[in-house]
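# Descriptive structure summary
For reference, the chains in residue letters:
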Amino acid sequence: MDLITSSKFWVEAGDDLLDEMINLRRAIHEEPELGLHLPKTTAKAKAALEGLPLEIYEGPSTSGFVAVLRGPANGRTVLLRGDMDALPLQEDTGLDFASRTDGAMHACGHDTHVAMLVGAARALCARRDQLAGTVMFMFQPGEEGFHGARWMLDDGLIDPLPDAAFALHISPNIPTGVFAGRAGPLLAAADVFHITVKGRGGHASAPHDALDPIPVACEIVTAIQAMVTRRIPAFDPVVITVGKIQAGTTNNVIPESAVIEGTIRSFSERSRELAHEGLRRLAPHIAQAHTADASVEIIPGFPVTVCTSEAAALFERTAEALFGPGAWRTMPSPAMGAEDFAYVLQKVPGAMAFLGATPEGGDWRSCCALHSNRMVLDERVMARGVAMHCAMAETYLSKGFDLEP
C-alpha cells in the first residue's frame, strides 16, 4: 500500500485513538517527573502497551525503554522517538489535570509525545502483518538537560542501529495541525559556561587597596558580545548569552570573586569550537590586564540537531499526503533551542519535525511558549501526530527515502 492510498487509514486510526491518548496524556501530566528516572511515567507507558506484540528492552542507566515491533519481513528498521521527562517549574495553567507535583510540570509537551508514541505503537501493531520491516519505539527520559538519548545509546538499547529515525515535537507557536521542519540544522548545539574572576577583597571605600573582580567581570561580559560579532562568521552564527552574574554579599565590601554563567548556542562544530576558543582566550587575558585571574569552564551540551534532506522531504510529502496542501511549512532558518534527539541523528539518517498545537482560541504568534509555566496545548492534534508517526514508519519501511510514487 503506497502513501497516498494508506493516508486515509492512518488519519482514521489517529482519530480513533484520540480519547485514549488524551486520557494517557492527562494522567502523565498530573504526575510529572524529572531527569533520567521516571518510574511513574514509564509504568503508565508500559501499561498502555500491555498485550501488544512488542519486545521490551531496558538498560541500567535510565528508566527509558525501547519497544520493538517486528513485521513478517526482515527489511529495514525505523525508530520513532518520544521523550518523557518534565521541567522544574511550578504549573500555573488552572487545568483540571494540572501537575500535582510541586516544582515539576510538563511545560514542553513531552506528555503528548509519550501519548502519541503509544498511539502509534497501538496502530502499527494492528497492521503488523503488513509491515515491511521493524519499528523501534524509543521512550526516552532525561531530554531536559540530562542527555537521556545518549545514555540509552550507551546502554546499547538501540543496537543494532536502525536505518532511519524520526521524532515529533509539539509546539503551541505553530498553527494548529501544521507540521514544520527543514533539512540541515534544525536546532542548535547548547553548551554551558562558567567564568570565575578572582581578585582580592577589601573595603568598598578603598578599592585601590583591593582588587575588585566586579568591573573585570563586567568588562568580560561586554567583550564576549564583541568577540561573537567580530570573530565568528555571520553566516554560521553563534549566540552567547550571559544569564547570571554573582558577586558580593553587601554594599560596602569588595568581594574576592565574581562568577559569570551563560549559554552558547551554535549550528556547526566549527562555530562551536570558535566560541569555546574565544571564551578561553578572552576571559583570562582581560583579567590579566587588571592583574586579576579568570578561569573558564565549558560544559558540553547537546550537539546540533541535523536533519538529512531525504528525511525532511519525506516528512513534507507525508504531511501533505495525510492532510493536504498547507499541512507542511519549511522553516526558513533553524531555531536556537536544543534537543538531545541530536545524538540519535548523529548515528543514523533521519529528521525531527514540529507539530503545531495552538490552544483553542489562542494566537500562535503570541500564546505562551514551550517552557512557560502557563503553556497549554490543543490535545486534538495528537491524532495527527499518530497518523504522521505511522505513515512515516510504514512508508520508510516499504520504500526507504524513495519519494517517487
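Refer to the structure above for everything that follows.
The rules behind these values
- Residues numbered from 1 in each chain as written.
- Predicted model: local features only at pLDDT ≥ 70, side-chain atom pairs only at ≥ 80, totals over all residues.
- Heavy atoms only, no water.
- Phe/Tyr/Trp six-rings, centres within 6.5 Å; stacked < 30°, edge-to-face > 60°.
- Helix = DSSP H or I, 4+ residues; strand = E, 2+ residues; numbered from the N terminus.
- Buried < 20%, exposed > 50% of the residue type's maximum accessible area, 1.4 Å probe, protein only.
- Lys NZ or Arg CZ within 6 Å of the ring centre and 35° of its normal.
- Polar contact = N/O pair within 3.5 Å; in protein donor to acceptor, adjacent residues only side chain to side chain.
- Contact = heavy atoms within 4.5 Å.
- Pairing = 2+ DSSP bridges.
- Axes fitted to C-alpha atoms, helices over the stretch in contact; angles between N-to-C directions.
- 1 Å grid on protein atoms, 1.4 Å probe; cavity = no way out; pocket = protein on both sides within 12 Å on 5 of 7 lines; lining within 4 Å.
- Points joined across faces, edges and corners; volume = space filled by probe spheres on them.
- Nonpolar A, V, L, I, M, F, W, Y, C, P; charged D, E, K, R; others polar.

Turning next to the packing of aromatic side chains. This model, assessed by the stated rule, comprises nine aromatic pairs. Centroid distance F179 to F323: 6.1 Å. Interplanar angle 20°. Geometry classified as stacked. Of this pair, F179 sits in strand β6 (residues 179-181) while F323 sits in helix α7 (residues 309-323), and the two are 144 residues apart along the sequence. The buried category is assigned to F179, whose relative accessible area is 0%. Grouping aromatic residues by their ring pairs yields a cluster made of F166, F315, W328, Y396 and F401. Between the NZ or CZ atom of K46 and the centre of the ring of F65, over which it lies, the distance is 5.5 Å. The side chain of R76 reaches across the aromatic face of Y396, ending 5.6 Å from its centre.

This part covers the side chain of T62. Mapped onto the elements, T62 comes out in the loop between β1 (55-58) and β2 (65-70). At a separation of 2.9 Å, a polar atom in the side chain of T62 contacts the main-chain amide nitrogen of G64. In this view, T62 contacts L36, H37, P141, W151, M152 and D155; residues no more than four positions away in its chain are not counted.

Strand order in the open sheet formed by eight strands is β1-β2-β4-β3-β5-β16-β6-β15, and the pairing between neighbours is mixed. The sheet is open, and its two edges are formed by β1 and β15 (328-330), each paired on a single side. Neighbour to neighbour, the strand axes of the sheet diverge by 25° on average, direction disregarded. By the bridge criterion, four bridges tie strand β3 (residues 76-83) to strand β5 (residues 164-171) in an arrangement that is parallel. From the neighbouring strand, L79 faces β5, where its bridge partner is A165. Helix α2 (residues 39-49) rests against β1, β2 and β4 (133-140) of the sheet, and its axis sits at about 15° to β2.

Space inside the largest pocket adds up to approximately 930 Å³. Surrounding the largest pocket, 40 residues form its lining, L187, R265, G337, A338 and H371 being those nearest its centre. Looking at the lining of the largest pocket, the elements with two or more residues in it are β5, β8 (189-198), β10 (238-247), β12 (257-266) and β15. Grouping the constituent residues of the lining of the largest pocket by class yields 20 nonpolar, 13 polar and seven charged. Of the pockets and cavities examined, the second largest pocket occupies roughly 210 Å³.

This brings us to unusual backbone geometry. Only a minority of non-glycine residues have a phi that is not negative, and only a minority of peptide bonds are not trans. With omega at 5°, the peptide bond leading from D159 into P160 counts as cis. Mapped onto the secondary structure, P160 falls in the loop between α4 (148-154) and β5. Unusually for a residue other than glycine, T291 sits at a positive phi of about 60°. For T291, a relative accessible area of 64% corresponds to the exposed category.

Geometric values such as these leave the question of function open.
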